[in-house]
Amino acid sequence: MVTESLVENIVPSYQQSTTDDLELLLATLPPHIRQPLDGIDDTEHLLEIVMDLGREPEARFPGREVLLSRDEVTHEDIEYVVSRIGAFGDDNRAGIPRTLHRISAIRNRMGRIVGLTCRVGRSVLGTMDIIRDLVESGRSILILGKPGVGKTTLLREVARVLADELNKRVIIVDTSNEIAGDGDIPHPGIGRARRMQVPTPTQQHAVMIEAVENHMPEVIVIDEIGTELEAEAARTIAERGVQLVGTAHGNTLANIMMNPTLADLIGGIQPVTLGDEEARRRGTQKTVLERKAPPTFDVLVEMQERQRVTVHRDVSETVDAVLRGLPAGVEMRWRRDDGTIEQRLEVPGRFAPGEERGRRVGGPSRMGEITDWRERAGRRGGRGGWGERAERGERTDRVAQIERLELAGVAGSRPTERTEGFGGYERSWATEEARAATGRHERGQEARGAPAQPSSDRDEGEALELAPPSDRFRRTASGALRPVKVYPYGVNRDRLEAAIEALRVPVTITKDVLEADVVMTLKNYYRKNLGPVRDAEESGKPVFILRSNTVSQIQQSLEALYGMQTAEPQRDIEHLVLQETEDAIQHVLSTSQPVELPPQNAYMRRLQHQLAQQYNVGSRSAGREPHRRVLLFRQD
């Protein structure tokens, strides 16, 4: 699999400045432990100081450790530090008032402290410019990363910028006083943001809800979402229109998807049962997975290093792509040595023919873990794949779907194609009956079946991919008709063979939709959007729709496939929709039973309402785009 860099952009960075109040932390240490630190030059990189009873104290720096004394730590050394800091809470954390330092305790079975981790807290101004555009967009952001990578530092700077520079009402739910420091007066590193302290970690979810109900925030900042109650509280806050910026336990999106406690943050995952036919066609278990609800957080940021992040701009589209087994693209951002921020959208490229579908993983986010998880769940009789939308009667507009995937940085089945090219490809191959059935109404020449013109920046291979059927299948280089494999779905095989024989075209009937060049089906099958039809559209294969299962209809489709002059001209979509509406109106008048019409766009729905009014039949629209449709009923 090849990774393609689609977008590269370099943006200016703001000047960074660091405040650590290190002297206040060092003042709490016993003199024989502090003295060696005075002789170290790079204390600005000091991460933490560890004091364990009966062991030598040590200072930890990135990539190395330094022993501070040959003398073992005693109870007196530990008591020296404890007496100079704040009180420990239920989470065994304490601090130094008006600083960001954190001292964590290790206790024995009797509750006595036998170890201390003195972690240096720093306020770094300018560190959030790597995701500044995401913060300013007003969308909710979830930040992931391993311990010590700088999540809390980034969160603190985000709160300051939102409060001071964007003038928003910001509330920080500070569970362990790590964001705004110990004591009643918050650290100036959070700017004008307000801080709510949490009495005990088990009450964090209650304080989150209290912040929304009592203080009218525009933004809520939360550190370390780790329980189901906290995930539910975050969803409640997001549904009230408040921007959320938080961190959670996990390194990547894959970790969150596999964590049943936190999966609700990215929409949750639920099992759906496939039909027998669909399960056999896919060669999978009968149970699959799909996203359950809209995600709580719109954007997800994975912190790989302090100056390097991976961004999933649209969590819902990324999760959907992973559950479908599609490659998921990501946006990489990192800070250069000169301080500028570089952005690059990386999309996994085309897979080799022999490469397994399960290996379609998404770059540095290790999405392959999700595939393995789905396969294991399937073998256990659990849930392992993407849901069966057809059984619920849903339809998907493929063009809009591809546009959303591209905006989210997620590659489709052919990631080298542009959105406008793919849309033209589908529109030029589909018949007018197909567009009428799915409610699509195209304007201009594309509505009349004209092929989309390839962009000038495409190579010849892409232009050939987007060519209309008459150009793609009409002739080979020698002038002969090109062989075509047709997968008939619901079409009588004997009649198809008769039509092939009558036209003497090099068409072969195949039983495998994956091998087919063209799918041929009936109008009612296409409306139901069943498995083979949906898969053909998703893979970009042309679908020919027949009004009836007759030799003449089949023959006309084959003639259209090869661009023969005897092919029946395409019908006007508006006429077909109105004819279908009129038939439904007659059914309502004769039976008094309501009729639900197929989904249409706003223009076609308006024509349907006008026609119903002429016949004195009631009508109303229902559903959401792109599935909004007209309901017809008899008026009393």
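For clarity, every value in this text was computed on a predicted model and none was experimentally measured. Residue numbers here run from 1 along each chain, matching the order of that chain's written sequence. Local features in a predicted model are, by the rule used here, given only for residues with pLDDT of at least 70; side-chain atom pairs are given and counted only at 80 or more, and totals for whole chains, interfaces and linings are based on all residues. The side-chain figures draw on all heavy atoms in the structure; neither hydrogens nor water molecules are used.

Asks: Whenever I open this one, helix α23 (residues 602–614) confuses me. Can you help?
Replies: Each α-helix winds once per 3.6 residues, and so residues spaced three or four apart point in a common direction. Only DSSP runs of H or I reaching four residues or more are called helices, and only runs of E reaching two or more are called strands; each is numbered from the N terminus. One fewer than the residue count of a helix, multiplied by 1.5 Å, yields its expected span. Look at α23: 19 Å from first C-alpha to last across 13 residues, which is about the 18 Å you get at 1.5 Å a residue. In this scheme, a residue with accessible area under 20% of its type's maximum is buried, one over 50% is exposed, and one in between is partly exposed, where area comes from a 1.4 Å probe on protein chains only. Regarding α23, the residues found buried are Met604, Arg605, Leu607, Gln608, Leu611 and Ala612. On an axial view of α23, the arc spanned by its buried residues comes to 160°, and they lie on one face. Relative to its buried face, α23 has exposed residues pointing more than 90 degrees away, namely Gln613 and Gln614. The opening residue of α23 is asparagine 601, an N-cap whose side-chain oxygen sits 2.9 Å from the backbone nitrogen of methionine 604. Positive phi shows up at asparagine 616, right after α23, with a value of about 60°. By construction, the arc corresponds to the directions joining the helix axis to the C-beta atoms. Each polar contact in these results corresponds to two N or O atoms within 3.5 Å; when the atoms are within protein, one needs to be able to donate a hydrogen and the other to accept it, and residues that are neighboring in sequence are counted only if both atoms are side-chain atoms.

Asks: When you look at the packing of helix α6 (residues 204–215) against helix α7 (residues 228–239) in this model, what are you seeing that I'm missing?
Replies: Taken N-terminus to C-terminus, the directions of α6 and α7 make an angle of 10°; their axes are 8 Å apart at the nearest point. It follows that α6 is roughly parallel to α7 by the angle criterion. Considering how the two elements wind past one another, α6 and α7 form a crossing that is left-handed. Where α6 approaches α7, its residues Gln204, His205, Met208, Ile209 and Val212 are matched on the opposing element by Leu229, Glu230, Ala233, Ala234, Thr236 and Ile237. Residues are grouped as follows: Ala, Val, Leu, Ile, Met, Phe, Trp, Tyr, Cys and Pro are nonpolar; Asp, Glu, Lys and Arg are charged; every other residue, Gly included, is polar. Its residues placed into classes, the contact of α6 with α7 shows seven nonpolar, three polar and one charged. For helices, the fitted line uses only the C-alpha atoms of the stretch in contact; every axis is such a line through C-alpha atoms, and the angle between N-to-C directions lies from 0 to 180 degrees. Comment on the angle field: the value is read as roughly parallel under 35 degrees, roughly antiparallel over 145, roughly perpendicular from 65 to 115, and oblique elsewhere. Crossings are sorted by hand: turned counterclockwise from the far helix by less than a right angle, the near helix makes the crossing left-handed, and turned clockwise it makes it right-handed. Any two residues whose heavy atoms approach within 4.5 Å at even a single point are treated as in contact.

Asks: Help me out: how do you make sense of the pairing of strand β13 (residues 219–225) in this one?
Replies: Across a regular strand the side chains alternate sides, sitting on one face of the sheet and then on the other. Of all seven residues in β13, six are buried, a share of seventy percent or more. If DSSP finds at least two bridges between two strands, the strands pair. Pairing analysis gives four bridges linking strand β11 (residues 170–174) to β13, with the strands arranged parallel. Looking across to β13, one finds that isoleucine 172 is bridged to valine 221. Sheet topology note: the β13/strand β14 (residues 243–248) ladder contains five bridges and is parallel. Considered in β14, the bridge of isoleucine 222 is made with glycine 246. When the strands point away from the viewer and the connection leading from the first strand across the helix to the second strand turns clockwise, the crossover is called right-handed. At this point the chain moves from β13, through α7, to the parallel β14, and the crossover so formed is right-handed.

Asks: Would you take a moment to explain the sheet that holds strand β26 (residues 618–622) for this structure?
Replies: The strands making up a sheet associate through backbone hydrogen bonding, with each pair oriented either parallel or antiparallel. Judged by pairing direction, the sheet is antiparallel, and its three strands sit side by side in the order β25-β27-β26 without closing on themselves. Since the sheet does not close on itself, it has two edges, and those belong to β25 (595–596) and β26, each with one partner. Looking at chain direction, β25 and strand β27 (residues 629–633) are connected through two bridges and run antiparallel. Within the sheet, the bridge partner assigned to glutamate 596 lies in β27 and is leucine 631.

Asks: Just to check I follow, could you spell out the sheet that holds strand β4 (residues 58–61) for this structure?
Replies: If you walk across this open sheet you meet the six strands as β5-β4-β3-β8-β7-β6, and the pairing is antiparallel. Two strands in the sheet have a free side with no partner beyond their single neighbour: β5 (64–67) and β6 (93–95). Direction aside, neighbouring strands of the sheet carry axes that sit 25° apart on average. Of the strand pairs in this sheet, β6 and strand β7 (residues 102–107) are connected by three bridges, and their pairing is antiparallel. From the neighbouring strand, glycine 95 faces β7, where its bridge partner is arginine 102. Helix-sheet contacts for helix α3 (residues 75–82) involve β3 (48–52) and β8 (113–119), and the interaxial angle to β8 is about 50°.

Asks: What is the right way to read the side chain of histidine 312 from this model?
Replies: Following the sequence through the fold, histidine 312 ends up in strand β18 (residues 308–312). In terms of polar contacts, histidine 312 uses its side chain to reach the side chain of glutamate 302, at 3.0 Å.

Asks: Quick question: what am I supposed to make of the nonpolar core here?
Replies: Throughout this description, the term nonpolar core refers to a set of buried Ala, Val, Leu, Ile, Met, Phe, Trp, Tyr and Cys residues connected via side-chain atoms within 4.5 Å. Membership of the largest hydrophobic core comes to 35 residues, with the highest contact counts inside it found for Ile220, Ile225, Ala248, Met257, Leu265 and Ile266. Residues within four places of leucine 265 in sequence aside, it is in contact with Leu142, Ile225, Ala231, Ala234, Ala248, Pro295, Thr296 and Phe297. Residues Ile130, Leu154, Val221 and Val245 belong to the second largest nonpolar core, which totals 30 residues.

Asks: Looking at this structure, I do not really get the packing of aromatic side chains. What am I missing?
Replies: Note on aromatic contacts: the rings of Phe and Tyr and the six-membered ring of Trp form a pair at centre separations within 6.5 Å, being stacked when their planes are under 30 degrees apart, edge-to-face when over 60 apart, and tilted otherwise. For the structure on display, the rule yields one aromatic pair. In our convention, an over-ring charge means Lys NZ or Arg CZ found within 6 Å of a ring centre and within 35 degrees of that ring's normal. Between arginine 84 and the ring centre of tyrosine 80, over which it is positioned, the NZ or CZ distance is 3.5 Å.

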